[in-house]
Amino acid sequence: MITDEGLNRIRDLIATDFEKGQLGTGTNAVTTSDTDLQTKKAGTDIDLEIATTDRQITVTYTNPSTGTLDTYTEYKTFNDASSYDYDRIVFTGVAQTTSEDLIIIKRYFMRRS
């Protein structure tokens, strides 16, 4: 059985590898073989805010209202240096305007199976 300390070590290894998030406008369904966003939007690859608690990682991505604006439908978490994409989500279009930041918060839980 993996101990809580072991799960937290795995959490730390993963958390230090998360680097950036990016938005896109693609609508294709997510698959386990995805290697990038369908239609990534230049200027939205932004450093992530990472927080860790017991067996959990919280990732916060903020595209500021002064940034690249569009109607976004997909997001990914990735490591820019290694070009690894860790996840991709597709959602109903969110139109970002100059009056509000677009914030995506994701939580990853380290669990025993």
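Right above here is the structure, for reference.
Below, the structure is looked at part by part. (Residues numbered from 1 in each chain as written. Predicted model: local features only at pLDDT ≥ 70, side-chain atom pairs only at ≥ 80, totals over all residues. Heavy atoms only, no water.)

With respect to the nonpolar core
Logical step 1: Formed by 15 residues in total, the largest nonpolar core has its most connected members in Leu23, Ile57, Val59, Tyr61 and Tyr75.
Logical step 2: Put simply, the parts of the chain that give this core at least two residues each are helix H1 (4–17), strand S4 (56–63), strand S5 (71–79) and strand S7 (102–109).
Logical step 3: Residue contacts for tyrosine 61: discarding those within four places in its chain leaves Gly21, Gln22, Leu23, Thr44, Ile46, Leu48, Tyr75, Leu102, Ile103 and Ile104. (Core = buried A, V, L, I, M, F, W, Y, C linked by side-chain atoms within 4.5 Å. Buried < 20%, exposed > 50% of the residue type's maximum accessible area, 1.4 Å probe, protein only. Helix = DSSP H or I, 4+ residues; strand = E, 2+ residues; numbered from the N terminus. Contact = heavy atoms within 4.5 Å.)

Some details on the environment of lysine 76
Logical step 1: Tracing the backbone shows lysine 76 in strand S5.
Logical step 2: Along the sequence, lysine 76 and leucine 37 sit 39 residues apart, while their C-alpha atoms lie 6.8 Å from each other.
Logical step 3: For lysine 76, the residues in contact, after removing those within four places along its chain, are Lys20, Gly21, Gln22, Asp36, Leu37, Asp85, Asp87 and Arg88.

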